[in-house]
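Residue-level structural notes
One letter stands for each residue in the lines below.
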Amino acid sequence: MSLRINEEYCVACGLCLVHCKNGAIKENDQTQLYYIDPDRCTECVGWYDEPKCYSACFLSAPEADPFHKETKEQLLVKWKKLHPSKNPIVT
Ligand code: SF4
């Protein structure tokens with residue numbers, strides 16, 4: 001399952017941005033808040049055993065996105081497509 005950023009909590013501090021190794025977190029040009037691209041978010045499967053943006057956020061703005069439910073296996077397939085020349089560190 002991809003994560004999404006709850007805009008009610010996000011203050012655009014950018015802490016999540018520097019922790020995402022998938023390049024999934026982007027800035028909304030209109031609101032200047034951050035959002036997560038579900039095509040790039042693997043819930044950190046492949047890199048870590050927990051979502052890094054969630055643990056980095058003091059305001060708990062990243063949350064599970066119920067509109068993008070995926071199994072761990074599907075997330076790993078997505079990770080491999082994003083990083084074809086790498087091996088996953090955590091599966
Ligand atoms: Fe990036 Fe991981 Fe957060 Fe997804 S859960 S947006 S991959 S840091």
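Whatever comes next refers back to the structure up there.
Please read all numbers here as calculations on a predicted model, not as lab measurements. (Residues numbered from 1 in each chain as written. Predicted model: local features only at pLDDT ≥ 70, side-chain atom pairs only at ≥ 80, totals over all residues. Heavy atoms only, no water.)

Right, let's talk about the overall build of the protein for a bit. Looking only at helices and strands, the protein features three helices and four strands. For a compact globule of 91 residues, the expected C-alpha radius of gyration is about 12 Å, and the protein comes in at 13 Å, within 12% of that figure. Principal axes of the C-alpha set define a box for the protein whose edges measure 35 × 25 × 25 Å. Every one of the 91 residues in the protein was classed for burial, and the buried ones make up 35%. Long-range pairs, those at least 24 residues apart, make up 65% of the contacts in the protein with a sequence separation of at least 6. One way to put it: in the protein the 11 positive side-chain charges average out to a point 9 Å from where the 13 negative ones average out. (Helix = DSSP H or I, 4+ residues; strand = E, 2+ residues; numbered from the N terminus. Rg over C-alpha atoms; globule rule 2.2 N^0.38 Å. Buried < 20%, exposed > 50% of the residue type's maximum accessible area, 1.4 Å probe, protein only. Contact = heavy atoms within 4.5 Å. Lys, Arg positive; Asp, Glu negative; His and termini not counted. Charge placed at Lys NZ, Arg CZ, Asp CG, Glu CD.)

We now examine the site of the ligand. Taken together, Cys20, Asn22, Ala24, Ile25, Ile36, Cys41, Thr42, Glu43, Cys44, Pro51 and Cys53 form the complete shell of residues around the ligand. Here the residues of the shell around the ligand sort into eight nonpolar, two polar and one charged. (Near = heavy atom within 4 Å. Nonpolar A, V, L, I, M, F, W, Y, C, P; charged D, E, K, R; others polar.)

Here the focus is the nonpolar core. Membership of the largest hydrophobic core comes to 13 residues, with the highest contact counts inside it found for Ile5, Cys10, Cys16, Ile25, Tyr34, Ile36 and Cys53. Ignoring sequence-local partners within four residues, the contact set of Ile36 consists of Ser2, Leu3, Arg4, Ile5, Ala24, Ile25, Cys41 and Cys53. (Core = buried A, V, L, I, M, F, W, Y, C linked by side-chain atoms within 4.5 Å.)

This brings us to unusual backbone geometry. Its identity as a non-glycine residue notwithstanding, Gln32 has a phi of 65 degrees, on the positive side. Relative to the helices and strands, Gln32 resides in the loop between strand 2 (25-27) and strand 3 (34-36). Judged by relative accessible area, which is 41%, Gln32 ranks as partly exposed. Look at Glu43: it is not a glycine, yet its phi comes out positive at around 60 degrees. On the secondary structure map, Glu43 appears in the loop between strand 3 and helix 2 (52-56). The exposure class of Glu43 is partly exposed, given its relative accessible area of 29%.

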